[in-house]
Amino acid sequence: MNYYELIYLNRTLKNKLTGAVITNAVSPHKNYIEFFVEGENERFRLCYSSAPGNIALFTDSYRGAKKSNTINFFEEIYGVEIEDVSIPETDRWLYIHFENGYRLSFRFFSNRANVFLSKDDIIQEVYKEYDEVGEKVPAPKELDLFHIDGDVSKKSTKNKLVALNAMLPRQNLKELISEYDLDSAELSELESFVRRMTKEMEQNPSFRLLENGETTLLSEEMLPVKTEKVYDNINHLILDRYKNYSRHQRLKQRRSSLVKGLKTKIKRTTSGLRNLHQADKGLDRAEKYEQWGHILMANAHLGTVNQKELEVDDLYNEGEKVKIPLKRDLDIAENAQRYYKKSASAERSYEEAVQRIPKMEKEKEKAEKLLEEAQSINNLWEFQDWEDEHEDELQEYRNTDGNDSNSEQLPFHTLEIKGYPVWIGKNAKSNDKLVQMAHKEDVWMHARKVAGSHLIIRMGNDKGMPPKDILLEAASYAAYNSKAKGTKLAPVIITKKKYVRKPKGSPPGAVLVDKESVEMVEPRKPEMK
């Protein structure tokens, strides 16, 4: 969630929560807590997701709290009237103030999203253990917007925009930079643009869900990305984005694999066509080789000359000499026959190219059409229907990484986390095979300093990383499939496969890691195929 969404969410929650009471607060599952609220005329839930990549705070319709497998939180505020809701001036926090002096603080940072209860500026209870009871409540950042310290001339355009206003929503910047050609803008022009953008979000927001799954407060006039739905308030926008997150992630993953195959096909056929269109140069070579053959036959009486080349009169350019390369182990007549064969081969290559060009152009056009269609679909169900309709055509574009085995044939376990295929090694030899078959941009994991299975998250040549919640879930599986499975928390190495090396002669399963990060996770048993 970004700061400008919080401005409008704060106003909405202030109206709904002031004077109401929280009757219960439970966490029915990981990274999600809901507060049951009763006002004078309505009952509803205040829902908070701290899941990395899908952080959200919104109100939803009332339903009874789940009775089993839940943990109650923040009982000190049950039944206590809410006095106010507020946000700081330039940071992503939201506070709910209670009549008895307690305060709920919601933090929306993707790597440390949390909610905790405090009194007299001291933390009394936490939802997640990013913060500790007894600590002083963290102070929000105070930012001086539109004031840049230092030289930003070497920074990327995106970083320049963020330097001007650190509260800008990051998800819309790529499209804005492209649409307004901001890469060529001066810093003063960038500042004017950011001020205009900020003013629109502060004074005239459009609560839009875009067809690409992102959301924005910018109008379609300022951000001309197709709109899937416009909402009348910020709460409905956040709620829908939260509920649709997994669907958009599955669409993104499902489409990325196919798009990769289509782009690979287009790249290969484009390169092939470029070479074929140069085939007419082969005719020139054929003519030259044939002439050299004739010239050599005219000098066949010289026999074997044991030279790298022969300089003789050019029969086709009167008064000029020509140097013809020779093979030393052949006599003049045999060298002539060699050039006749090269001439015939060049002619055949040209004829084959002429025949192949139309076929390859059709293949390229077909792949380009399918790619355009695939990229234009922004609904998972529509994409699945489109795949079914073009099943036979799409088959050749799948498995572009050279692995066309079914999961049953793979020498390791397979599963899926929100659309991301995951491989988990079965034993040392399986670990070796897993690393060998993985793409360099796949994510590799292993419990740190203990024996265990290697784990791979398939990325389809995506140079980025999956959302944090995907990484943490996968890491918990890597921890479980190791000697650390019985511990409460285990460190797990996370890196790209390109930073993993297998030393020559090392035992099965042994690797060296050149670059790594480590996450502490609770070991969890995956449901593997």
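Report on the accompanying structure. Bear in mind the structure is a predicted one, so any value in this text is a computation, not a measurement.

**Describing the pattern of salt bridges**
Opposite charge on two side chains permits pairing when their charged atoms draw close. In this structure the tally under the stated criterion is 21 salt bridges. Arg195 is paired through a salt bridge with Glu191; the nearest N and O atoms lie 3.1 Å apart. Placement of both Arg195 and Glu191 in helix α4 (residues 187-203) is noted, with a separation of 4 residues, approximately one turn of the helix. The partner of Arg458 in a salt bridge is Asp442, with the nearest N and O atoms 2.5 Å apart.

**Concerning helix α1 (residues 3-17)**
Over its 15 residues, α1 runs 20 Å from end to end, which matches the ideal 21 Å to within 8%, given 1.5 Å per residue. Within α1, the full set of buried residues consists of Tyr3, Tyr4, Glu5, Leu6, Ile7, Tyr8, Leu9, Asn10, Leu13 and Leu17. Two or three places before Tyr4, at the opening of α1, Asn2 has a side-chain oxygen 3.0 Å from that residue's backbone nitrogen. In the segment just after α1, Gly19 is the residue with positive phi, at about 90°.

**Overview of the sheet that holds strand β12 (residues 215-216)**
The strand order across the open sheet built from 3 strands is β12-β11-β13, with neighbouring strands paired in antiparallel fashion. Of all the strands in the sheet, just β12 and β13 (227-231) have a single pairing partner and so form its edges. Bridge count for strand β11 (residues 207-210) against β12 is 2 bridges, and the pairing is antiparallel. Opposite Arg208, over in β12, you have Thr216 as the bridge partner.

**A few points about the packing of aromatic side chains**
Enumeration over the complete set of coordinates arrives at 20 aromatic pairs. Summarising the aromatic geometry, the rings of Tyr8 and Phe207 are spaced 5.7 Å apart at their centres and angled 75° between planes, so their arrangement reads as edge-to-face. Note that Tyr8 is positioned in helix α1 and Phe207 in strand β11, a separation of 199 residues in sequence. The residues Tyr8 and Phe207 share a single accessibility class, namely buried. Seen from their ring centres, Phe35 and Phe106 are 5.8 Å apart, and the 70° between their planes marks the pair as edge-to-face. Of this pair, Phe35 sits in strand β2 (residues 32-38) while Phe106 sits in strand β8 (residues 102-107), and the two are 71 residues apart along the sequence.

**Points about the packing of helix α6 (residues 280-298) against helix α7 (residues 332-376)**
α7 packs onto α6 with a crossing angle of 160° between their chain directions and a minimal axis gap of 8 Å. Comparing their axes, α7 and α6 come out roughly antiparallel. Regarding α6 and α7, the two cross each other, and that crossing is left-handed. Within the contact between the two elements, α6 uses Asp280, Gly282, Leu283, Ala286, Tyr289, Glu290, Trp292, Gly293, His294, Leu296 and Met297 and α7 uses Ile332, Ala333, Asn335, Ala336, Gln337, Tyr339, Tyr340, Lys342, Ser343, Ala346, Glu347 and Tyr350. Residue composition of the contact of α6 with α7, by class: 13 nonpolar, 6 polar and 4 charged.

**Re the nonpolar core**
Ranked by size, the top nonpolar core spans 71 residues in total, and within it Phe35, Leu57, Phe74, Ile96, Leu104 and Phe106 carry the most contacts. The element contributing the most residues to this core is α1, with 8 residues. Apart from residues lying up to four places away in sequence, Phe106 is in contact with Phe35, Leu46, Tyr48, Leu57, Arg92, Trp93, Leu94, Ile96, Asn114 and Val115. By size, the runner-up hydrophobic cluster in this structure holds 23 residues, among which are Met445, Ile457, Ile470 and Leu471.

**Topic: a negative patch on the surface**
A cluster of acidic side chains, namely Glu228, Glu382, Asp385, Asp388, Glu389, Glu391, Asp392 and Glu393, defines a negative patch on the protein surface. Those elements giving two or more residues to the negative patch turn out to be α8 (380-389) and α9 (391-394). Of the residues forming the negative patch, the biggest block, 4 residues, is contributed by α8. Its location among the elements puts Glu393 in helix α9.

Thresholds applied
The residue count restarts for each chain, going from 1 along the sequence in the order it is written. Under the rules for a predicted model, residues below a pLDDT of 70 receive no local features and side-chain atom pairs below 80 are neither given nor counted, while totals for whole chains, interfaces and linings still include all residues. Where side-chain values are given, they derive from all heavy atoms of the structure, hydrogens and water being excluded. Salt-bridge detection follows one rule: a side-chain nitrogen of Lys or Arg within 4 Å of a carboxyl oxygen of Asp or Glu. Only DSSP runs of H or I covering at least 4 residues are called helices, and only runs of E covering at least 2 are called strands; the numbering of each starts at the N terminus. To estimate how far a helix should reach, multiply one less than its number of residues by 1.5 Å. For the exposure calls, accessible area comes from a 1.4 Å probe over protein chains only, and a residue counts as buried if that area is under 20% of its type's maximum, exposed if over 50%, partly exposed in between. Here a polar contact is recorded for every N or O atom pair within 3.5 Å, except that within protein the pair must consist of a potential hydrogen donor and a potential acceptor, and residues adjacent in sequence are included only if both atoms are side-chain atoms. Paired strands, in this sense, are two strands between which DSSP finds at least two bridges. Ring pairs are drawn from Phe, Tyr and Trp, using the six-membered ring of Trp, whenever the two centres fall within 6.5 Å, and their geometry is named by plane angle: stacked under 30 degrees, edge-to-face over 60, tilted for the rest. For helices, the fitted line uses only the C-alpha atoms of the stretch in contact; every axis is such a line through C-alpha atoms, and the angle between N-to-C directions lies from 0 to 180 degrees. Roughly parallel covers angles under 35 degrees, roughly antiparallel covers those over 145, roughly perpendicular covers 65 to 115, and oblique covers all other angles. The hand of a helix crossing depends on one turn: near helix anticlockwise from the far one by less than a right angle means left-handed, and clockwise means right-handed. Residue contacts follow a heavy-atom distance rule, with two residues in contact if any of their heavy atoms lie within 4.5 Å. Put simply, Ala, Val, Leu, Ile, Met, Phe, Trp, Tyr, Cys and Pro go in the nonpolar bin, Asp, Glu, Lys and Arg in the charged bin, and everything else, Gly too, in the polar bin. Nonpolar core, defined: a set of buried Ala, Val, Leu, Ile, Met, Phe, Trp, Tyr and Cys residues in which side-chain atoms within 4.5 Å join the residues together. Within the patch definition used here, like charges are joined within 9 Å and nonpolar side chains (Val, Leu, Ile, Met, Phe, Trp, Tyr) within 5 Å, considering only residues with over 30% relative accessible area and no salt bridge. Only the protein chains shown count as cover for residues, and all accessible areas are computed by the Shrake-Rupley method using a 1.4 Å probe. Positive residues here are Lys and Arg, negative ones are Asp and Glu, while His and the chain termini are left out of the count. In plain terms, the charge of a residue is placed at NZ if it is Lys, CZ if Arg, CG if Asp and CD if Glu.

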